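# Summary of structural features
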Amino acid sequence: MCLSLPASPGRFLPVLLCLAVLPPLPPAAAASPPPDNAADDFGDYYRRLLMYHLRVAPQVPEGAVFFLGDSLTQGFHLPNVVPNGVNYGIGSDTTAGLLARIPRYNNLARASAIVVAIGVNDLKRQDDAVTARNLRNILAALPGSAPVIVNAILPVDARAREKFNGYTPRIHALNEGLRRLCETSPRLAYLDITPMLVDETGNLDARYHIGDGLHLSNPGYAIWARALRDELRRLSSAGNPQP
């Protein structure tokens, strides 16, 4: 079924959330654990951040909410969303990088909810068909039965950086694929805050990024945090454990 988050006062539009009670995702071939040296393909920064994530993992209590993503997640002050959030964001990460590290996070099976936000860094690296396949495999690889909030790839401001020209239609197409994918499993909830972040041109509003056309400003993060809080409450009221 599809639900709408309440519209915020002023200019904000409601957010469409789709949670369909349909058969679960089929197993993905890429979901099997990679070898321990798989991180070697993704650079020293990736390896170091992953090492710290794994070092902290045994300290994470049962029922935490895990946030998986790139720099947009890494820069998120999670207490604004939920008190027991665990930040597994790695700057510059891609769908391939996230897919490779998911099997290393043994504590994901103890989550009360998982939040996934990944994909914008893929746009400069590979064909969108590869990104779409990786996104599907990421969702299939997540262990446990906790609900998963699947964030749409956030908009960019093509006026800020020339390399973003042409990104918007590609983001729209990938997000449409994500929306349809979320209709294939009752575990998946699609969250698209694009209408809350863009201006009349369809670009990420200048008020909501830090000037680079990509990374959210404090007001931008406030919008995202509000939408996530609302969705986590909705999932809890639907019978899932309180995050």
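The preceding data block contains the structure.
Residues numbered from 1 in each chain as written. Predicted model: local features only at pLDDT ≥ 70, side-chain atom pairs only at ≥ 80, totals over all residues. Heavy atoms only, no water.

### A closer look at the side chain of Asp192
Convention followed: Numbering of helices and strands runs from the N terminus; a helix is a DSSP stretch of H or I covering at least four residues, while a strand is a stretch of E covering at least two. Residue exposure (1.4 Å probe, protein chains only): buried if accessible area is under 20% of the type maximum, exposed if over 50%, otherwise partly exposed. Neither His nor the chain ends is counted toward charge; the positive residues are Lys and Arg and the negative residues Asp and Glu. Between Lys or Arg on one side and Asp or Glu on the other, a salt bridge is scored when a side-chain nitrogen of the former is within 4 Å of a carboxyl oxygen of the latter. Within 3.5 Å is the distance limit for a polar contact, defined as a pair of N or O atoms, with the added protein rule that one can donate a hydrogen and the other accept it, and that residues adjacent in sequence qualify only through two side-chain atoms.
Mapped onto the secondary structure, Asp192 falls in the loop between strand S7 (188–191) and helix H6 (194–197). Buried charge without a partner: Asp192 forms no salt bridge, and the closest opposite charge is Arg179, 7.9 Å away. For Asp192, the side chain forms a polar contact with the side chain of Tyr190, separated by 3.4 Å. Engagement of the side chain of Asp192 in a polar contact is seen with the side chain of Thr194, the distance being 2.6 Å.

### Topic: the pairing of strand S5 (residues 113–117)
Spelled out, the test is: Pairing between two strands is assigned when DSSP locates at least 2 bridges connecting them. Handedness of a crossover is defined as follows: with both strands directed away from the viewer, a clockwise route from the first strand across the helix to the second makes it right-handed.
Burial analysis of S5 places 5 of its 5 residues in the buried class, which makes it a mostly covered element. Side chains of S5 alternate between two faces, with Ala113, Val115 and Ala117 and Ile114 and Val116 buried alike. When strand S3 (residues 65–69) meets S5, the two strands line up parallel, connected through 5 bridges. Paired with Val65 across the bridge in S5 is Ala113. In this fold, the crossover linking S5 to strand S6 (residues 148–151) by way of helix H4 (residues 128–141) has right-handed handedness.

### Focus on the pairing of S3
Here S3 lies mainly inside the structure; 5 of its 5 residues are buried. Neither face of S3 is left uncovered, since the one carrying Val65, Phe67 and Gly69 and the one carrying Phe66 and Leu68 both have all their residues buried. By the bridge criterion, 5 bridges tie S3 to strand S4 (residues 85–89) in an arrangement that is parallel. Looking at S4, one finds that Phe66 is bridged to Val86.

### Considerations on unusual backbone geometry
A positive phi angle, close to 70°, is found at Ser92, a residue other than glycine. With respect to the helices and strands, the residue Ser92 is situated in the loop between S4 and helix H3 (95–101).

### Focus on the nonpolar core
Stated formally: Take the buried Ala, Val, Leu, Ile, Met, Phe, Trp, Tyr and Cys residues and link them wherever side-chain atoms come within 4.5 Å; each set so joined is a nonpolar core. In what follows, residue pairs with any heavy atoms lying within 4.5 Å of each other are defined as contacts.
By size, the foremost hydrophobic cluster in this structure holds 35 residues, and its most contacted members are Phe66, Leu68, Ile102, Val116, Leu139, Leu142 and Val148. Here this core gets 4 residues from one element, more than from any other, and that element is H4. With sequence-adjacent residues up to four places away left out, Phe66 is seen in contact with Val60, Val86, Tyr88, Asn107, Leu108, Ala111, Ala113, Ile114 and Val115.

### Describing the packing of aromatic side chains
This is how it is decided: Between 30 and 60 degrees the pair is tilted, below 30 it is stacked and above 60 it is edge-to-face, where a pair is any two Phe, Tyr or Trp rings, Trp via its six-membered ring, whose centres lie within 6.5 Å.
Counted by the stated rule, this structure contains 8 aromatic pairs. Taking 4.8 Å as the distance between ring centres and 40° as the angle between the ring planes, the aromatic pair formed by Phe42 and Tyr46 counts as tilted. Accessibility expressed as a relative area gives 4% for Tyr46, which makes it buried. Centroid distance Phe76 to Tyr221: 4.9 Å. Interplanar angle 40°. Geometry classified as tilted. In this pair, Phe76 sits in the loop between helix H2 (71–74) and S4 while Tyr221 sits in helix H7 (residues 218–237), placing the two residues 145 residues apart along the sequence. For the pair shown, Phe76 and Tyr221 are each scored as buried.

### Some words on the environment of Pro147
Within the element layout of this structure, Pro147 appears in the loop between H4 and S6. Taking the relative accessible area as the measure of exposure, Pro147 reaches 7% and is therefore buried. Along the primary structure Pro147 and Ser112 are separated by 35 residues, whereas in three dimensions their C-alpha atoms are 7.3 Å apart.

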